[in-house]
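As a plain string of letters, each chain reads:
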Amino acid sequence: MDSTHSRFPSRRLAVVTCMDCRINPLVTAGLQEGEAHIIRNAGAVVTADVRRSLALSQRALKTDEVWIVMHTDCGVLGLDDRAFLDGIEADTGIRPEWEPGGFESLEAGIREGMQRVREDPVLIADNVRGFILDIESGEMTEVAPAG
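Residues numbered from 1 in each chain as written. Predicted model: local features only at pLDDT ≥ 70, side-chain atom pairs only at ≥ 80, totals over all residues. Heavy atoms only, no water.

Attention now goes to the state of the cysteines. This model, assessed by the stated rule, comprises zero disulfides. Sulfur of Cys21: no disulfide; nearest cysteine sulfur belongs to Cys18 and is 9.4 Å away. (Disulfide = S-S within 2.5 Å.)

Right, let's get into the environment of Ala144. Mapped onto the elements, Ala144 comes out in the segment after β5 (140-143). Judged by its relative accessible area of 45%, Ala144 falls in the partly exposed class. Residues Ala144 and Ile110, spaced 34 residues apart in sequence, show a C-alpha to C-alpha distance of 9.3 Å. With residues up to four places along the chain from it excluded, the contact list for Ala144 reads Arg111 and Met114. (Helix = DSSP H or I, 4+ residues; strand = E, 2+ residues; numbered from the N terminus. Buried < 20%, exposed > 50% of the residue type's maximum accessible area, 1.4 Å probe, protein only. Contact = heavy atoms within 4.5 Å.)

This part takes up helix α3 (residues 81-92). For α3, built from twelve residues, the straight-helix expectation of 16 Å at 1.5 Å per residue is met to within 8% by its first-to-last C-alpha distance of 16 Å. With a side-chain oxygen lying 3.0 Å from the backbone nitrogen of Arg82, the N-terminal cap of α3 falls on Asp80. (Expected span 1.5 Å × (residues − 1). Polar contact = N/O pair within 3.5 Å; in protein donor to acceptor, adjacent residues only side chain to side chain.)

Within strand β1 (residues 13-18), six of the six residues are buried, which leaves the element mostly enclosed by the surrounding structure. Looking at chain direction, β1 and strand β2 (residues 36-41) are connected through six bridges and run parallel. Across the sheet, the residue bridging to Val15 is Ile38, located in β2. (Pairing = 2+ DSSP bridges.)

Mapped onto the secondary structure, Asp81 falls in helix α3. We note that Asp81 is buried and unpaired, the nearest opposite charge coming from Arg116 at a distance of 8.0 Å. Only 2.7 Å separates the side chain of Asp81 from the backbone nitrogen of Gly102, close enough to count as a polar contact. Those residues within four positions of Asp81 in sequence are excluded, and the remaining contacts are Glu99, Pro100, Gly101 and Gly102. (Lys, Arg positive; Asp, Glu negative; His and termini not counted. Salt bridge = Lys/Arg side-chain N within 4 Å of Asp/Glu carboxyl O.)

Before going further, it helps to examine the pattern of salt bridges. The full count for this structure, using the stated rule, is ten salt bridges. Between Arg51 and Asp120 there is a salt bridge, and its shortest N-O distance comes to 3.0 Å. With Arg51 in helix α2 (residues 48-59) and Asp120 in the loop between α4 (106-119) and β4 (128-133), this pair connects stretches of sequence that are 69 residues apart. When the shortest N-O distance is used, the salt bridge between Arg129 and Glu142 registers 2.9 Å. Here the residue Arg129 occupies a position in strand β4, and Glu142 occupies one in strand β5, the gap between them amounting to 13 residues. What makes Arg129 partly exposed here is its relative accessible area of 27%. According to the relative accessible area criterion, Glu142 is partly exposed, its value standing at 43%. Three or more residues are tied together by salt bridges with common partners; here these are Asp20, Arg22 and Asp73.

Read across the sheet, five strands follow the order β2-β1-β3-β4-β5 without closing on themselves; strand pairing throughout is mixed. At either margin of the open sheet sits one strand with a lone partner, and together these are β2 and β5. For this sheet the average axis-to-axis angle between neighbouring strands, irrespective of direction, equals 25°. Sheet strands touched by α2: β1, β2 and β3 (65-71). Its angle to β2, the strand with the most contacts, is close to 170°. (Axes fitted to C-alpha atoms, helices over the stretch in contact; angles between N-to-C directions.)

So, in structure tokens, the structure goes:
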């Protein structure tokens with residue numbers, strides 16, 4: 001890596017997106033290397049760990065915009081959290097303390113994520129946007145916040 005690269009994203013942007021192997025977050029969002037932090041997990045769910053990463057991104061590494069990008073044909077869409085945890089417990093005898101994060105609709109999942117960012121008192125939530133990525137066409141559609 002050459003010395004002109006910075007740990008501070010040049011677009012001051014953090015993108016929360018899914019770990020789905022079909023997604024290249026930089027290409028999807030029209031970004032170049034060095035422009036944004038990319039935070040990935042199953043379903044692009046705004047969990048406590050995502051909020052931790054956003055706080056570090058914002059407060060230590062100078063980002064001030066957040067995009068939440070969920071996608072069509074997501075494996076977490078329609079996932080029954082209770083049934084999933086029941087299955088793990090039946091297989092292992094252990095019930096995880098974490099929640100899988102299944103959601104019933106992409107729009108609702110994005111709005112819930114945006115709300116979690118906005119309600120976290122340590123996060124900078126002035127510029128939070130949500131998008132649905134169509135996994136087939138590559139098109140991103142913005143989702144209006146609730147209310």
